[in-house]
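Working through the structure, step by step
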Amino acid sequence: AVLLLCLTLDGGAQRPAGSRRALTIEDYYRIQTVGNVKISPNGKWVAFSVAIRIEEDNSTRTETHLVSTDGTAQPWRLLHYGKDVTDALWTADDRLQYLAYRQQWSVNPDAPLAPPLRIERLPAGTRWGGNPLAELPRHHA
């Protein structure tokens, strides 16, 4: 249902049945492309991206959105201090990890007002105290 909602063109339902018109460049800029749909490991959340063409400079803005699968929470656009995020993916502990300001961050969708956590990664191949789990991401506030 989320995908169909996002794919609907503005004003399409307002035209009388049977009326036709040629496509315009403005129509092209109203199309929103939905992709990168990812379901959280616990099945409670869906993350997806919406790509929007910007007419002024012919660029593309990509937004990341979250929606609960049971409809109990309002859908929301994931912003990192007012900026869009990229490369969203789910972690095994049901957090959404993303890239912002060239750093990895994660959020808990069950606590949308909680601040994001910065993720530090050890350099590739590093082992700490012989623990094979030392290479897993660590969360920091």
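Residues numbered from 1 in each chain as written. Predicted model: local features only at pLDDT ≥ 70, side-chain atom pairs only at ≥ 80, totals over all residues. Heavy atoms only, no water.

Each helix and strand counted, the chain has two helices and 10 strands in total. Starting at the N terminus and walking to the C terminus, you meet the elements of the chain as α-α-β-β-β-β-β-β-β-β-β-β. Going through the 141 residues of the chain one by one, you find that 27% of them count as buried. Residue pairs at least 24 apart in sequence account for 27% of intrachain contacts in the chain once pairs closer than 6 positions are excluded. Here the chain displays about 9,700 Å² of accessible surface, and carbon together with sulfur accounts for 57% of that area. (Helix = DSSP H or I, 4+ residues; strand = E, 2+ residues; numbered from the N terminus. Buried < 20%, exposed > 50% of the residue type's maximum accessible area, 1.4 Å probe, protein only. Contact = heavy atoms within 4.5 Å. Areas by Shrake-Rupley, 256 points an atom, 1.4 Å probe, with all protein chains shown as cover.)

This structure, assessed with the given rule, holds seven salt bridges. Lysine 44 serves as the salt-bridge partner of aspartate 110, at 3.2 Å between the closest nitrogen and oxygen. Taken together, the positions of aspartate 110 in the loop between strand 8 (103–107) and strand 9 (117–120) and lysine 44 in the loop between strand 1 (32–39) and strand 2 (45–54) put the pair 66 residues apart, joining distant regions of the chain. When its relative accessible area of 40% is taken as the criterion, lysine 44 is described as partly exposed. Between glutamate 120 and arginine 118 there is a salt bridge, and its shortest N-O distance comes to 3.4 Å. Classification of glutamate 120 by relative accessible area gives partly exposed; the value is 28%. Among the charged side chains, a network of salt bridges with common partners joins Arg61, Glu63, Arg77 and Asp84. (Salt bridge = Lys/Arg side-chain N within 4 Å of Asp/Glu carboxyl O.)

Another point: the confidence of the model for the chain. Caution applies to low-pLDDT parts of the model: their predicted coordinates are not meant to be read in detail. Residue-level pLDDT values for the chain average 79, and 74% of them are 70 or greater. Taken together, the stretch residues 1–12 has pLDDT below 50 and engages in 13 contacts with residues farther than four places along the chain or on a different chain. Long-range and interchain partners of residues 128–141, a stretch whose pLDDT sits below 50, account for 24 contacts in this model, where long-range means more than four residues apart. (pLDDT = per-residue confidence, 0-100.)

A few words on the packing of aromatic side chains. Applying the stated criterion to the full structure yields one aromatic pair. Here the aromatic rings of tyrosine 28 and tyrosine 29 are separated by 5.0 Å at their centres, their planes lie at 75°, and the arrangement is edge-to-face. For tyrosine 28, a relative accessible area of 38% puts it in the partly exposed group. (Phe/Tyr/Trp six-rings, centres within 6.5 Å; stacked < 30°, edge-to-face > 60°.)

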